[in-house]
Amino acid sequence: TARVRADTHTRQVSVTTTAGFASMWLIPRLDRFTIDHPGVDVRVSATYEALDLARTRIDVAVRFCRVGDGAGPTLFEETLLPVCAPQLLADPARPLRTPADLAQHTLLAMMEVPEQSALNADWAPWLTSMGLPELRSKSTLRFTSYSDTIAAAIAGQGVAIGRLPLIDDPLRDGRLVAPFGASTASQFGYVVITAPHAAGNPDAQDFVRWLWAQVQASAARSPRPTARGARVASKNTPGRPKPVTS
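This text gives an overview of the structure that appears in the document. (Residues numbered from 1 in each chain as written. Predicted model: local features only at pLDDT ≥ 70, side-chain atom pairs only at ≥ 80, totals over all residues. Heavy atoms only, no water.)

### Digging into the nonpolar core
Inside soluble globular proteins, nonpolar side chains tend to come together where they are buried.
Right, so step 1: F21, L75, I167, F207 and L211 are the most contacted members of the largest nonpolar core, which has 41 residues in total.
Right, so step 2: Of the residues forming this core, the biggest block, 7 residues, is contributed by helix 8 (residues 202–221).
Right, so step 3: Excluding anything up to four places from it in sequence, L211 contacts W25, L26, V60, V62, L75 and V192.
Right, so step 4: Grouped together as the second largest cluster of nonpolar side chains are 16 residues, L89, L96, I161 and F180 included. (Core = buried A, V, L, I, M, F, W, Y, C linked by side-chain atoms within 4.5 Å. Buried < 20%, exposed > 50% of the residue type's maximum accessible area, 1.4 Å probe, protein only. Helix = DSSP H or I, 4+ residues; strand = E, 2+ residues; numbered from the N terminus. Contact = heavy atoms within 4.5 Å.)

Written as C-alpha cells, this is what we have:
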C-alpha cells in the first residue's frame, strides 16, 4: 500500500478564475503549458466567487477587478468594442455603419451576476463613450456565461460587446468582425494573485511565469481590430512580468 501511494503522488497546480477567462483565454492555450510540464496536474476552478486561496489550497488566482485596486499585478487591461458575425455585417436591410444603427439589431449580453455587478458592465461603458447611453435595441438576448454570449454572436444572432483580448482568436480567424472602429477601456482587467503557500510549489511558479509569457506572445501577434475588420496595433500592451509574489 505504501508503494502504491508513493507511485501515485502527482505534482499539482490549482488555479481559480472567472468562467469567461477560463473558456475564452486560458483553456485554448493550456495545452502549451501541459506539453512543457508533463506530469503536472492542472486543476481549474472557473467561478465568479473570490475563493480564499489559503483555505481552499489554491495556488493561483486570475481575478477580474477594477484596474489599480492593488489586488495584484495586472495581467492585462480590458478593451470593449461591438463585434458580430460577418454575415450580420453584410445584411443590407440592417446596416451597421454607425453606433446608432445598433437600435435595429439584437444586442447580446450577460445576465446579472449576484453581488458581481461589475462583471456585467457589458454595453453601458461603450454606449456611454459613444454618447448613446439611452440607446434601446430592437431586442436583447442574455446569457449566464460570456462564452455563450460570444457563441451567439458567432452564430449571427446579434451584436455582442467584445472584450479584448479574450476574443482575439475569433477576431483573428474571421469568425467575428468589428463593425465600428471605436473602442473604449472598461476600467477593469485581470490580475494575478499567487497564494503564499505556492512559494513552495515550483510548478505554480512556472505557471505564473507562463501566464505572463502567453500575454506577451498574444500581444505581439494580435493587432486590434478597427472598423469592418481593419486592424491597428494595440495600445494595451502588457507590462513586463512582475516577480512571482503573493
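### Remarks on the sheet that holds strand 5 (residues 106–110)
Right, so step 1: What the 8 strands build is an open sheet, ordered 2-1-3-8-4-7-5-6; its pairing is mixed. In this open sheet, the two strands that pair with only one neighbour each are strand 2 (40–46) and strand 6 (139–143). Direction aside, neighbouring strands of the sheet carry axes that sit 25° apart on average.
Right, so step 2: Bridge count between strand 4 (residues 74–83) and strand 8 (residues 184–194): 5 bridges; the pairing is antiparallel. Of the residues in strand 8, the one forming a bridge with E77 is G189.
Right, so step 3: Docked against the sheet, helix 2 (residues 19–36) engages strand 1 (11–17), strand 2, strand 3 (60–66), strand 4 and strand 8, running at close to 175° with respect to strand 2.
Right, so step 4: Packed on one face of the sheet, helix 6 (residues 146–154) meets strand 5, strand 6 and strand 7 (159–164) and runs near 125° to strand 7. (Pairing = 2+ DSSP bridges. Axes fitted to C-alpha atoms, helices over the stretch in contact; angles between N-to-C directions.)

### Describing unusual backbone geometry
Right, so step 1: The residue after L164, namely P165, is reached through a cis peptide bond having omega 10°.
Right, so step 2: Of note, P165 is situated in the loop between strand 7 and helix 7 (168–172).
Right, so step 3: Of note in this structure, R57 is not a glycine but carries a positive phi near 60°.
Right, so step 4: Along the polypeptide, R57 turns up in the loop between helix 3 (53–56) and strand 3.
Right, so step 5: The class for R57 is exposed, based on a relative accessible area of 52%.
Right, so step 6: Here Q187, not a glycine, exhibits a phi torsion of approximately 70°, which is positive.

### Regarding the pairing of strand 7
Right, so step 1: A large share of strand 7 lies buried, amounting to 6 of its 6 residues.
Right, so step 2: Pairing between strand 4 and strand 7: 5 bridges, direction antiparallel. Paired with L81 across the two strands is G162, which belongs to strand 7.
Right, so step 3: Alignment of strand 5 against strand 7, held across 2 bridges, turns out to be parallel. Residue pairing for strand 7: L107 is matched across the bridge by V159.

### Here's the deal with the pattern of salt bridges
Side-chain pairing between opposite charges can occur once the charged atoms of the two side chains come close.
Right, so step 1: Under the defined criterion, the tally for this structure stands at 9 salt bridges.
Right, so step 2: Note that R11 and D203 form a salt bridge whose closest N and O atoms lie 2.9 Å from each other. Taken as a pair, R11 in strand 1 and D203 in helix 8 lie far apart in primary sequence, 192 residues in all.
Right, so step 3: What makes R11 partly exposed here is its relative accessible area of 41%.
Right, so step 4: A relative accessible area of 7% places D203 in the buried class.
Right, so step 5: The partner of R163 in a salt bridge is E78, with the nearest N and O atoms 2.8 Å apart. A residue pair is termed long-range when its members are at least 10 positions apart, and R163 in strand 7 and E78 in strand 4 qualify at 85 residues. (Salt bridge = Lys/Arg side-chain N within 4 Å of Asp/Glu carboxyl O.)

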